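Read off the chains here:
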Amino acid sequence: MKKLFLTLSIVLLLACSGTNFSSSVPSMPVRIDISILGEYVHFTPNNAGAYLEFLKPPKKYTEAYGYAGVVVYVTMDARYVAFDLCCPHCLNPAKPCRMDNGQSSNAKLQTGIYAICPTCGEAYDLSYGLATPTNKNLKTKEALRQYNASYNSATGILRIVN
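In this report, we go over the structure that sits alongside the text. Here the structure is a predicted model, which means the values were calculated and not measured. (Residues numbered from 1 in each chain as written. Predicted model: local features only at pLDDT ≥ 70, side-chain atom pairs only at ≥ 80, totals over all residues. Heavy atoms only, no water.)

1. Some remarks on the packing of aromatic side chains
Across all of its chains, the model carries 4 aromatic pairs by this definition. When the ring of phenylalanine 43 is compared with that of tyrosine 80, the centres are 5.4 Å apart and the planes differ by 40 degrees; the resulting orientation is tilted. On the criterion of sequence distance, the pair formed by phenylalanine 43 in the loop between strand S1 (30-35) and strand S2 (51-54) and tyrosine 80 in strand S5 (residues 80-84) is long-range, its members being 37 residues apart. Overall, the relative accessible area of 0% leaves phenylalanine 43 in the buried class. Residue classification places tyrosine 80 among the buried residues on the basis of a relative accessible area of 10%. Aromatic rings pair up to connect Tyr40, Phe54 and Tyr65 into one cluster. (Phe/Tyr/Trp six-rings, centres within 6.5 Å; stacked < 30°, edge-to-face > 60°. Helix = DSSP H or I, 4+ residues; strand = E, 2+ residues; numbered from the N terminus. Buried < 20%, exposed > 50% of the residue type's maximum accessible area, 1.4 Å probe, protein only.)

Here it is in structure tokens:
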């Protein structure tokens, strides 16, 4: 039994190696503190579908907004997620993805929340917190670069960092 367990453990370890993902979007500093109890009282975990955009340049000298800006989103299961607004296919920080609810006349997408690249037209679905491409234009299979989002309920601060 021990040999079987050891063999299975080794196989699992070897099978999981090489799964590190590296985004094509360059790594840039990200630091945003969002006051849920103060400035952004509507941006609570029970407000699924709500989002905030932080476009360059930062408003405060202590903040950094990644490569092309950052979108922070409340998922359907009440989690905070954050993504860079740079399309991994185009890599153009001067033209960040724009947010869309899937109802605009040119989007032709299911209802949800999307980040749409203005250059190639690819739409990234944020609805479930993954920011995966819809492959509307078959340009990329890569999701938007994700950042860490942590909420401290004691202070009411949502911190976004990389």
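Back to the write-up after that little detour.
2. Thoughts on the pairing of S5
Walk down a regular strand and you will see the side chains alternate between the two sheet faces. Burial analysis of S5 places 5 of its 5 residues in the buried class, which makes it a mostly covered element. The alternating pattern of S5 places Tyr80, Ala82 and Asp84 and Val81 and Phe83 on opposite faces, both of which are buried. Direction of pairing for strand S4 (residues 70-74) relative to S5: antiparallel, over a ladder of 5 bridges. Residue valine 70 lies in a different strand from S5, and its bridge partner there is aspartate 84. (Pairing = 2+ DSSP bridges.)

3. Examining a nonpolar patch on the surface
There is a patch of nonpolar side chains on the surface, built from Met76, Tyr128 and Leu130 and spanning about 370 Å² of accessible area. Looking at the secondary structure, you find methionine 76 in the loop between S4 and S5. You can call methionine 76 partly exposed: its relative accessible area is 49%. (Patch = residues over 30% accessible without salt bridge, like charges linked within 9 Å, V, L, I, M, F, W, Y side chains within 5 Å. Areas by Shrake-Rupley, 256 points an atom, 1.4 Å probe, with all protein chains shown as cover. Salt bridge = Lys/Arg side-chain N within 4 Å of Asp/Glu carboxyl O.)

4. Description of the nonpolar core
Note that soluble globular proteins tend to have their nonpolar side chains buried in a common cluster. Counting 18 residues, the largest nonpolar core has Ile34, Phe43, Phe54, Val70, Val72, Leu158 and Ile160 as the members making the most contacts within it. When contributions to this core are tallied by element, the ones reaching two or more residues are S1, S2, S4, S5 and strand S11 (157-161). In contact with isoleucine 160, other than residues within four places in its own chain, are Val30, Arg31, Ile32, Ile34, Val70, Val72, Ala82, Tyr147, Asn148 and Ala149. Core analysis: the next-biggest nonpolar cluster, separate from the first, contains 16 residues, Val71, Tyr73, Leu85 and Cys87 among them. (Core = buried A, V, L, I, M, F, W, Y, C linked by side-chain atoms within 4.5 Å. Contact = heavy atoms within 4.5 Å.)

5. Quick word on the environment of valine 25
Positionally, valine 25 belongs in the loop between helix H1 (2-16) and S1. For valine 25, a relative accessible area of 0% translates into the label buried. Spatially, the C-alpha atom of valine 25 lies 7.7 Å from that of cysteine 87, the residues being 62 residues apart in sequence. Beyond its immediate sequence surroundings of up to four residues, valine 25 is in contact with Tyr67, Asp84, Cys86, Pro88, Leu91, Glu142 and Arg145.

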